[in-house]
Amino acid sequence: MSEINKKPVIPRPRKPRTTKASTVASAAGKPVRAAAPRRKPVKKKKKGPGMALHWKFLIALVLLVLLSPLYYAYVLKMFSSGIRWVKDIGQDPNYRTYTSFNIKIPKKYKIHGIDVSYYQGKIDWQKVQAMEEDSVRVRFAIIKATEGILSVDPYFSRNWREAAKTGIACSAYHFFRPQKSGEWQAMFFLQTVQFEKGDLPPVVDVEQLNGVSPERMRKELKAFIKYVEKRTRVRPIIYSGLDFYRNFLQGHFEEYPLWIAHYHQPRLNVDKSTKWVFWQHSDRARINGINHVVDFNVFQGDSAAFEGLKIKF
């Protein structure tokens, strides 16, 4: 059989689908552009109800607290307390180092003070009064006035005047010389110091025998005390070091309050029956406004007892 030649089938070109609008445009001889598909309208979401009033109030309260200086003071206090707690690990909790004062201070006492003389030079009492660390500040000052029967501390008048202006409770002390007349020393002391209502009681500082017997020392000291008590109607405070007190004063003058020096110890090592009111626990404190180290003291008692100690006349 002969092979039959078949013609290839050529596909018929398809006409592009046109819309009515494109047909009209084509007839006018204009280029045709496909029609854009219609978009479905977007439904707008309905807004929910406004923020509740109590939430607005709570946010405002939080912002008020965060922006308050009291909040930051509280945070700083907590932060410093945390640092203090870490530093105090392993230390006696009742005898803590106070960085500002550069000494350890017995912790259970609330009322602190200093004693000064010409040795501290010119003092800025405003700075002394303003200094504070962890509620420890200078509440009282005992100021040297006289010594023997002739010597007046060159800074006494200024210290006595300027310390009182700051509201610090003040007393004055006389450095006692046992070899000299106790009554004459008392007269000299009271001629120099005028005690007033609100002052702390007068103080006599006895810490040396100066070559006389203990009996002679006690005799002249008794004369001094009796004269001051008679003139001021206030019982003076006796100051002495712990060893001198034990050796020469213990068992004598028991009716008079004591101020005892015993340095760098967490507690005053005396019998519970000892009638002490002040304890000089350090001679190395650093105080703002004073250019030299100074003695630091505590009062045994609360604020009511401290007020009760002050002169009432």
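What counts and how
- Residues numbered from 1 in each chain as written.
- Predicted model: local features only at pLDDT ≥ 70, side-chain atom pairs only at ≥ 80, totals over all residues.
- Heavy atoms only, no water.
- Helix = DSSP H or I, 4+ residues; strand = E, 2+ residues; numbered from the N terminus.
- Buried < 20%, exposed > 50% of the residue type's maximum accessible area, 1.4 Å probe, protein only.
- Polar contact = N/O pair within 3.5 Å; in protein donor to acceptor, adjacent residues only side chain to side chain.
- Contact = heavy atoms within 4.5 Å.
- Axes fitted to C-alpha atoms, helices over the stretch in contact; angles between N-to-C directions.
- Left-handed = near helix turned anticlockwise from the far one by under 90°.
- Nonpolar A, V, L, I, M, F, W, Y, C, P; charged D, E, K, R; others polar.
- Phe/Tyr/Trp six-rings, centres within 6.5 Å; stacked < 30°, edge-to-face > 60°.
- Lys NZ or Arg CZ within 6 Å of the ring centre and 35° of its normal.
- Arc of directions from axis to C-beta.
- Parallel < 35°, antiparallel > 145°, perpendicular 65-115°, else oblique.
- Core = buried A, V, L, I, M, F, W, Y, C linked by side-chain atoms within 4.5 Å.
- Pairing = 2+ DSSP bridges.
- Right-handed = clockwise from strand over helix to strand, strands pointing away.

Describe the side chain of Arg218, listing the residues and the values that go with them.
As for its placement among the helices and strands, Arg218 is situated in helix H7 (residues 214-232). A relative accessible area of 16% means that Arg218 is categorised as buried. Within polar-contact distance, the side chain of Arg218 engages the backbone oxygen of Phe248 at 2.7 Å. When near neighbours in sequence (up to four residues on either side) are disregarded, Arg218 contacts Phe248, His252 and Phe253.

Could you give an account of the packing of helix H6 (residues 182-192) against H7, with specific residues and numbers?
Between two packed helices, what matters for the description is the angle formed by their axes and the separation of those axes. Relative to each other, H6 and H7 sit at 40 degrees, their axes nearing to 7 Å. As for the relative orientation of H6 and H7, their crossing is right-handed in sense. Residues Gly182, Glu183, Gln185, Ala186, Met187, Phe189 and Leu190 of H6 lie in contact with H7, whose contacting residues are Glu220, Ala223, Phe224, Tyr227, Val228, Arg231 and Thr232. Considering only residue class, the contact of H6 with H7 consists of eight nonpolar, three polar and three charged.

Tell me about the packing of aromatic side chains, and please be specific about residues and values.
In the structure shown here, the tally under the stated rule is 16 aromatic pairs. Seen in terms of ring centroids, Tyr109 and Trp276 are 6.2 Å apart; in terms of plane orientation they differ by 65 degrees. Their pairing is edge-to-face. On the criterion of sequence distance, the pair formed by Tyr109 in the loop between strand S2 (103-106) and strand S3 (112-116) and Trp276 in strand S11 (residues 276-285) is long-range, its members being 167 residues apart. Centroid distance Phe140 to Phe278: 4.8 Å. Interplanar angle 40 degrees. Geometry classified as tilted. Of this pair, Phe140 sits in strand S5 (residues 136-147) while Phe278 sits in strand S11; the two residues are 138 residues apart in sequence, bridging distant segments of the chain. When its relative accessible area of 0% is taken as the criterion, Phe140 is described as buried. Overall, the relative accessible area of 1% leaves Phe278 in the buried class. Joined through ring pairs, the aromatic side chains of Phe140, Tyr239, Trp259, Phe278, Phe299 and Phe306 make up one cluster. Against the face of Phe313 rests Arg233, its NZ or CZ located 5.3 Å from the ring centre. Over the ring of Tyr256 we find Arg235; its NZ or CZ atom is 5.7 Å from the centre of that ring.

Which residues make up helix H8 (residues 242-249), and what values do they have?
Turning to H8, its buried residues number three or more, namely Leu242, Phe244, Tyr245 and Leu249. All buried residues of H8 project into a common sector of 160 degrees when viewed along the axis, lining one side. Among the exposed residues of H8, those oriented more than 90 degrees off its buried face are Asp243 and Asn247. The inward-facing, buried residues of H8 abut H7, strand S9 (237-241) and strand S10 (258-261).

For the packing of H7 against H8, give the residues involved together with the corresponding values.
In the contact formed by H7 and H8, the axes pass within 11 Å of each other and the chain directions differ by 100 degrees. By the angle between their axes, H7 is roughly perpendicular relative to H8. Contacts from Pro214, Met217, Arg218 and Leu221 in H7 reach Phe244, Phe248 and Leu249 in H8. Its residues assigned to classes, the contact of H7 with H8 shows six nonpolar, no polar and one charged.

Describe the nonpolar core, with residues and values.
By size, the foremost hydrophobic cluster in this structure holds 59 residues, and its most contacted members are Ile114, Ile287 and Phe296. Ranked by residues supplied to this core, first place goes to H7 with six residues. Apart from the residues within four sequence positions on either side, Ile114 is in contact with Trp125, Val128, Val138, Phe140, Ala141, Ile142, Ile287, Ile290, Val294, Asp295, Phe296 and Asn297. Counting residues in hydrophobic clusters, the runner-up holds 16 residues, among them Ile111, Ala169, Trp259 and Phe299.

Outline the pairing of S10, supporting the account with residue identities and numerical values.
Judged by which residues are buried, S10 turns out to be covered on both faces: Leu258 and Ile260 on one side and Trp259 and Ala261 on the other are all buried. Where S9 and S10 come together, four bridges link them in parallel fashion. Pairing of Ser240 across the sheet is with Ile260, part of S10. In terms of handedness, the path from S9 via H8 over to S10 forms a crossover that is right-handed. Two strands pair when backbone bridges link them, and S10 and S11 are joined in this way by four bridges, in the parallel orientation. Bridging across to S11, Ala261 finds its partner in Gln280.

Provide a residue-level description of H6, including the pertinent values.
Along H6, the residues that are buried comprise Gly182, Gln185, Ala186, Phe188, Phe189 and Leu190. On its buried side, H6 packs onto S5, strand S6 (151-152), strand S7 (169-175), strand S8 (203-205) and H7. Capping the start of H6 is the job of one residue whose side-chain oxygen sits 3.4 Å from the backbone nitrogen of Glu183: Ser181.

Lay out unusual backbone geometry with the relevant residues and their values.
Phi angles above zero are rare outside glycine, and Arg233 is one such case at about 60 degrees. As for its placement among the helices and strands, Arg233 is situated in the loop between H7 and S9. Of note in the backbone geometry, His264 takes a positive phi value of approximately 60 degrees without being a glycine. With respect to the helices and strands, the residue His264 is situated in the loop between S10 and S11.

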